[in-house]
Amino acid sequence: MLILSFTVTEFHIVSFSDFSLFLKASIRVSFSLSVMAMQASLCAPRFVALDFGVCSYHARASSTLHFKSSWGLLAAIGLSKNTRFIAASARQGIHTDGKEPPTMISAPERRIVAVGDLHGDLRQTKRALRVAGVLSDDEQDNWTGGTTVLVQVGDVLDRGPDEIAILSLLWHLTEQARSKGGAVFQVHGNHETMNVSHEFNDTPDCGFEDSQHFVDYCNERHDGHWHTAFVQWRLEWPEWKKSRFESSTWLPFWNVFKVRKKMDARVLLFSPGGPLALELSRHGVVLKINDWLFAHGGLLPHHVAYGLEKMNSEVSNWMKGGAYNGKQPFIATKGFDSIVWSRLYSRKTKEIPQPKACAVLQQTLDAAKAKGLVIGHTPQVEGANSECDGKVWRIDVGMSRGVLNATPQVIEIVGDEVKVLSCQKDDSH
């Protein structure tokens, strides 16, 4: 590892070189479509009835793509109140457990921002990332977070038309963040695991169309090179969809051939071993960054006892198409008390009063040697909030126009301080 240190005016810069991880391409085709076709015919009208305008096409300005594939520049600028944390983090760096997907992250003194459920809404996603201070305000999609660690807690998929563009954007920010000394991490929500297991209950018609557009774009513009198409999609999807919309021949939405083609595309992309399932396999269902845990639904004592790294490995192998006794990992992804489905900490019920939930949370934190948990999954109509004396933060605010169209909020963790950052209500860019 090469370390260079020098001073330029007021900036002290430390540079690190490391290796890059590249997504391995693989294609697995599955054509079990009859049940899913029925689900789509039921799902699409229900979604359109919400009338949030989510299925409309949005023209966006595109820009040139800039990537750096090595761990790069860590800069400390002594201007903000968090200077002490940023300077220390530049010296100490971010270290993972060396596994893929990672489970344990050491990022001493780093500013951490966490973003909740995105559900296929790119415009709201960008608003959230900008209020988090990690995305440029000029539509160039540049990382502006410096040494910040960004965590997205799942449910990128379903309920909106921009799912693949959001995944592509997060990939791009991951690469850019590395070059600036920051990091981007994701954990899976129930909607990621549902799609890999072909449960398309909450996939709207425009989500199926998005899959078809991406498959056509990959084949026609990139000769079937999935990863190249995935990287470029965040820039080129508006023009591609617009051209296809203008040149398409009229067919009723229920046309069986049209439905079949969209289903084929979705199944191809998200089947275990498929191109987007492989992209998802880079992430697990739980992360521990310093002494904070991040999961989609919730973490329980028996999850910790089973092994957080073990669950992440099993979910990743399943998404890659590897053998897991021929079944979907149950403890992590199926059942009301799995990590991606649990709502124990995110809503109050008569059956499980809050004090009892907080007691279970404390057992979990003690077992995991952590001091807090950040979750999404259940929309909080009052906005991001905490319970159990600040030991659990609920950050799904329903920002997607396919959910509540709420004002985006994120949380910021600096040292022992946690605070909510909110968009201005009239900020729509």
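Going by the structure above, here's the rest.
## Focus: the pattern of salt bridges
Two side chains bearing opposite charge may form a pair once their charged atoms approach each other closely.
Thought 1: Tallied over the full model, the rule gives 25 salt bridges.
Thought 2: With its nearest N and O atoms 3.3 Å apart, the salt bridge here joins K126 to D141. On the criterion of sequence distance, the pair formed by K126 in helix α3 (residues 122–131) and D141 in the loop between α3 and β7 (149–152) is long-range, its members being 15 residues apart.
Thought 3: The class of K126 is buried, set by a relative accessible area of 6%.
Thought 4: Residue class for D141 comes out buried when judged on its relative accessible area of 4%.
Thought 5: Its salt-bridge partner being E412, residue K419 comes within 3.8 Å of it at the nearest N-O pair.
Thought 6: A relative accessible area of 8% means that E412 is categorised as buried.
Thought 7: Here the residues in one salt-bridge network are K126, R130, D137, E139, D141 and R234, joined through shared partners.

## Regarding α3
Thought 1: Where burial is concerned, most of α3 is hidden: eight out of the 10 residues are buried.
Thought 2: Three or more residues of α3 are buried, namely L122, Q124, T125, K126, R127, A128, L129 and R130.
Thought 3: A side-chain oxygen of the first residue of α3 lies 3.3 Å from the backbone nitrogen of R123; this N-cap is D121.
Thought 4: Positive phi appears at G133, one or two residues downstream of α3, with a value of about 80°.

## A closer look at the pairing of strand β9 (residues 286–289)
Thought 1: Covered by surrounding structure in β9 are V286 and K288 together with L287 and I289, the residues of both alternating faces.
Thought 2: Direction of pairing for strand β5 (residues 104–106) relative to β9: parallel, over a ladder of two bridges. The residue of β9 that forms the bridge with M104 is K288.
Thought 3: Two strands pair when backbone bridges link them, and β9 and strand β10 (residues 292–295) are joined in this way by four bridges, in the antiparallel orientation. Bridge pairing links K288 to L293 in β10.
Thought 4: Two successive antiparallel strands, β9 and β10, enclose a turn made up of two residues, where N290 displays a positive phi of approximately 55°.

## Things to note about the sheet that holds β5
Thought 1: Read from one edge to the other, the open sheet built from seven strands follows the order β4-β5-β9-β10-β11-β13-β12, with strand pairing classed as mixed. In the strand order of this sheet, the two ends are held by β4 (95–96) and β12 (385–387), each with one partner.
Thought 2: Sheet analysis places strand β11 (residues 372–375) next to strand β13 (residues 392–394), joined by three bridges and oriented parallel. Counterpart to I375 in the pairing with β13 is R394.

Definitions and limits used
- Residues numbered from 1 in each chain as written.
- Predicted model: local features only at pLDDT ≥ 70, side-chain atom pairs only at ≥ 80, totals over all residues.
- Heavy atoms only, no water.
- Salt bridge = Lys/Arg side-chain N within 4 Å of Asp/Glu carboxyl O.
- Helix = DSSP H or I, 4+ residues; strand = E, 2+ residues; numbered from the N terminus.
- Buried < 20%, exposed > 50% of the residue type's maximum accessible area, 1.4 Å probe, protein only.
- Polar contact = N/O pair within 3.5 Å; in protein donor to acceptor, adjacent residues only side chain to side chain.
- Pairing = 2+ DSSP bridges.

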